[in-house]
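Listed here are the chains, written in short residue letters.
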Amino acid sequence: MAAPLKDELDIVIPTIRNLDFLEMWRPFFQPYHLIIVQDGDPTKTIKVPEGFDYELYNRNDINRILGPRASCISFKDSACRCFGYMVSKKKYIYTIDDDCFVAKDPTGKDIDALAQHIKNLLCPSTPLFFNTLYDPFAEGADFVRGYPFSLREGAPTAVSHGLWLNIPDYDAPTQLVKPRERNQRYVNAVMTIPKGTLFPMCGMNLAFDRDLIGPAMYFGLMGDGQPIGRYDDMWAGWCVKVICDHLGLGVKTGLPYIWHSKASNPFVNLKKEYKGIFWQEDIIPFFQAVVLPKDCDTVQKCYVALSQQVKEKLSKVDPYFTKLADAMVTWIEAWDMLNSGETAANGK
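Parameters at a glance
Residues numbered from 1 in each chain as written. Predicted model: local features only at pLDDT ≥ 70, side-chain atom pairs only at ≥ 80, totals over all residues. Heavy atoms only, no water. UniProt positions renumbered as here; feature names shortened; annotations may be inferred. Helix = DSSP H or I, 4+ residues; strand = E, 2+ residues; numbered from the N terminus. Buried < 20%, exposed > 50% of the residue type's maximum accessible area, 1.4 Å probe, protein only. Contact = heavy atoms within 4.5 Å. Polar contact = N/O pair within 3.5 Å; in protein donor to acceptor, adjacent residues only side chain to side chain. Core = buried A, V, L, I, M, F, W, Y, C linked by side-chain atoms within 4.5 Å.

Under the annotation held in an unreviewed UniProt entry, the chain carries the name UDP-arabinopyranose mutase and is attributed to Eragrostis curvula. Annotation of the chain in UniProt includes, under Catalytic activity (unreviewed entry), the sentence "UDP-beta-L-arabinofuranose = UDP-beta-L-arabinopyranose". Regarding the chain, the relevant UniProt record gives this comment under Function (unreviewed entry): "Probable UDP-L-arabinose mutase involved in the biosynthesis of cell wall non-cellulosic polysaccharides."

Right, dumping it as structure tokens:
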């Protein structure tokens, strides 16, 4: 069977190590083009198993391609992955971490995570009215009694957020109090996150429609030289969700699962997250209250308008947010510079 969307999807992987983990994914990933974003020391050679079609970018490449605008791409943090979103020329992106392995479903069968993400993206979302049987487009499900017929067409799906078995994606304080906790619950469900509801987006098993939402998938300024880490995907998720809500797009979460193999060090994580944990108490109310101007009808316009509000409202929390707001604008400039031949992403 031909791989679905083979010529329309890139797989983006941020890494600092040899990509032996791809051997396990070979049956599922080999037909696709990979974009590898090498973090850390650019003189180090990263080995990729034979037979994969890939391009690899290190820090020197990022600096060469973006020039002064390279300042918006994080260093020594997996947030660097968003450079791959920018250089891709495909309609869809799947991004995965290099410590994520193939999971098994309850029957013991290997889960083709990519195929499920594609299914999620190609079916509409239902952000305006919750369906109690979850995804009405899943096999054996439908819209339940009382679901308005006028809303059954749904909305285009911009994001498919997958989950993880084994090591759960916990913050450092939770890791410290539950060091041995493992996620063994396989929930066979995909649901649309309702309009007006934010969620914590994890970037280690994530797919999105680059044409619909790509320019908003900026993973912020994290890592080297920044006061915060491990909030890169969270920041992107909050920005993406308010923009999807504004443009009438859907975000799904649930299947597929991957097997998350490795717990990161909770003490190192606490150092990275420390400021974010209490800044979040201001950040979340900010995103809950954001209203984007009516004339923002493209993702780029929405994102620049959002950056202005970040500067206005969050700079008083910490000067870091002034820097982040400026980087958000730089990111859009860099995106447009590399993608000027394409039509502007407009959520349509």
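A.B. asks: Can you break down the UniProt feature "glycosylation site" (unreviewed entry) in the chain residue by residue, with the values?
C.D. replies: Per the UniProt record, the feature "glycosylation site" (unreviewed entry) sits at Arg 145. Relative to the helices and strands, Arg 145 resides in the loop between helix H4 (113-122) and strand S6 (157-166).

A.B. asks: Describe in detail the environment of Val 291, supporting the description with residues and values.
C.D. replies: By secondary structure assignment, the location of Val 291 is in the loop between helix H8 (266-289) and helix H9 (299-314). Along the sequence, Val 291 and His 246 sit 45 residues apart, while their C-alpha atoms lie 8.2 Å from each other.

A.B. asks: Requested: an account of the environment of Ala 141, with residues and values cited.
C.D. replies: Tracing the chain through its elements places Ala 141 in the loop between H4 and S6. With relative accessibility at 24%, the residue Ala 141 sits in the partly exposed group. Residues contacting Ala 141, with those up to four places away along its chain left out, are Leu 133, Asp 135 and Pro 136.

A.B. asks: Can you lay out the UniProt feature "site: Required for activity" (unreviewed entry) in the chain for me, pointing to particular residues and giving the numbers?
C.D. replies: Sites flagged by UniProt as "site: Required for activity" (unreviewed entry) map to Arg 145 and Arg 152. Given the relative accessible area of 86%, Arg 145 is considered exposed. Residue position: Arg 152 is located in the loop between H4 and S6. Residue contacts for Arg 152: discarding those within four places in its chain leaves Phe 137, Phe 143, Val 144 and Tyr 147. A distance of 2.9 Å separates the side chain of Arg 152 from the backbone oxygen of Tyr 147, its partner in a polar contact.

A.B. asks: An account of the nonpolar core is requested, with residue identities and associated values reported.
C.D. replies: In terms of nonpolar packing, the biggest core is built from 71 residues, with Ile 213, Trp 235 and Ile 243 touching the most fellow members. When near neighbours in sequence (up to four residues on either side) are disregarded, Ile 213 contacts Ala 158, Val 159, Phe 208, Val 240, Ile 243, Cys 244, Leu 249 and Val 299. The next biggest cluster of nonpolar side chains, apart from the first, holds 30 residues, and it includes Leu 9, Phe 21, Tyr 92 and Tyr 94.

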